[in-house]
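Chains, contacts and geometry: an overview
The residues making up each chain are set out below.
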Amino acid sequence: MGIQNKVSGILILLLILIMGAILFVAYNQVSGLVNSQVDSEIELLEEAASEQATTIFHGYEIGSRSSIEMGEMDDFAALLVELSRINNVNELGIVSPKGKVNFSSDDTALGRTFDRDIFNFATRTNAMQQHELGNELIVTKASILEEDCLMCHADAQPGDLAGVMFLRYDLSALRGLHEDIRSEMME
């Protein structure tokens, strides 16, 4: 074998190694960009789900205010059932100051003990809060008794906890979509 063939073989081998290194670097860069894009899209979807849950909760809070204040619990129950028909809404209701579900769009949930950690966190403030629990987003807001409430709640004091309003919003479809997006982007 001549020197020219040896040099050509070495050059071809070097060229193959350089091309392999270039392809490896390019693949890693493209893969990083794809993962970044996937993460960005998933973050946008999660923000949209959070905003939808917040919007539904605000509608629930505003829609129930007059019926609760007037003691018209049949109207309140009808509102719960109506709002629970919205896509991804698993349950809406009110938890008593003792942590038991007093009102719910799901009759089977009545009387159950609400998640203790979420309940305790919700009762620290009367601001709306969101908590992820498995494939659900739990939106809560504590209700505090005011002077006007004492007509119906004679054994209470202004500032006492009246209960915690909650919404259980299903995230399982969103999580499935995460996997679909990740698979498609990786292909």
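Preceding block: the structure.
What counts, and where the lines are drawn
- The residue count restarts for each chain, going from 1 along the sequence in the order it is written.
- Owing to the predicted nature of the model, reporting of local features is limited to residues with pLDDT of at least 70; listing and counting of side-chain atom pairs is limited to 80 or more, with chain, interface and lining totals taken over all residues.
- For side-chain calculations, the full set of non-hydrogen atoms in the structure is used, while hydrogens and water are omitted.
- For salt bridges, the criterion is a side-chain nitrogen of Lys or Arg within 4 Å of an Asp or Glu carboxyl oxygen.
- The secondary structure listing takes helices from DSSP runs of H or I that are at least 4 residues long and strands from runs of E that are at least 2 residues long, numbered from the N terminus.
- Three labels apply to residues, based on accessible area from a 1.4 Å probe with only protein chains included: buried if under 20% of the type maximum, exposed if over 50%, partly exposed otherwise in between.
- How far a helix is expected to stretch is found by multiplying one less than its residue total by 1.5 Å.
- The angle between axes fitted to the seven residues ending at a residue and the seven residues starting there is what we call the bend at that residue.
- Pairs of residues are marked as contacts when any of their non-hydrogen atoms sit within 4.5 Å.
- This arc is taken over the directions from the axis of the helix to the C-beta atoms.

**Notes on the pattern of salt bridges**
- Within the structure shown, the criterion is met by five salt bridges.
- With a shortest N-O distance of 2.6 Å, Glu61 and Lys141 are connected by a salt bridge. Of this pair, Glu61 sits in helix α1 (residues 3-69) while Lys141 sits in strand β4 (residues 136-144); the two residues are 80 residues apart in sequence, bridging distant segments of the chain.
- Glu61 gets classed as buried once you look at its relative accessible area, which sits at 11%.
- Ionic pairing is found between Arg168 and Glu136, a salt bridge with its closest N-O pair at 2.7 Å. You can see Arg168 sitting in strand β5 (residues 161-170) and its partner Glu136 sitting in strand β4, a full 32 residues away along the chain.
- Glu136 sits in the buried class, given a relative accessible area of 13%.
- In this structure, a network of salt bridges that share partners links the residues Glu91, Arg112, Glu136 and Arg168.

**Digging into α1**
- When the terminal C-alpha atoms of α1 are compared, their 97 Å separation across 67 residues agrees well with the 99 Å that a helix rising 1.5 Å per residue should span.
- A bend of about 30° at Gly63 is the largest found in α1.

**Structural notes on unusual backbone geometry**
- Within the chain, Asn88 stands out as a residue other than glycine whose phi angle is a positive 80°.
- Tracing the sequence through the fold places Asn88 in the loop between α2 (73-83) and β1 (89-95).

**Quick word on the environment of Gly159**
- Relative to the elements of secondary structure, Gly159 occurs in the loop between β4 and β5.
- Apart from residues lying up to four places away in sequence, Gly159 is in contact with Ile144 and Leu145.

**Points about the side chain of Ser96**
- In this fold, Ser96 is placed in the loop between β1 and β2 (101-104).
- Of the residues examined, Ser96 reaches a relative accessible area of 9% and is grouped as buried.
- Not counting the four nearest positions on each side in its chain, Ser96 is found in contact with Asn102, Phe119 and Gly163.

**Here's the deal with α2**
- Residues Phe76, Leu80 and Leu83 constitute the buried set of α2. Mapping the buried residues of α2 onto a view down its axis gives an arc of 75°, with all of them on the same face.
- For α2, the secondary structure elements touched by its buried residues are α1, β1 and β2.

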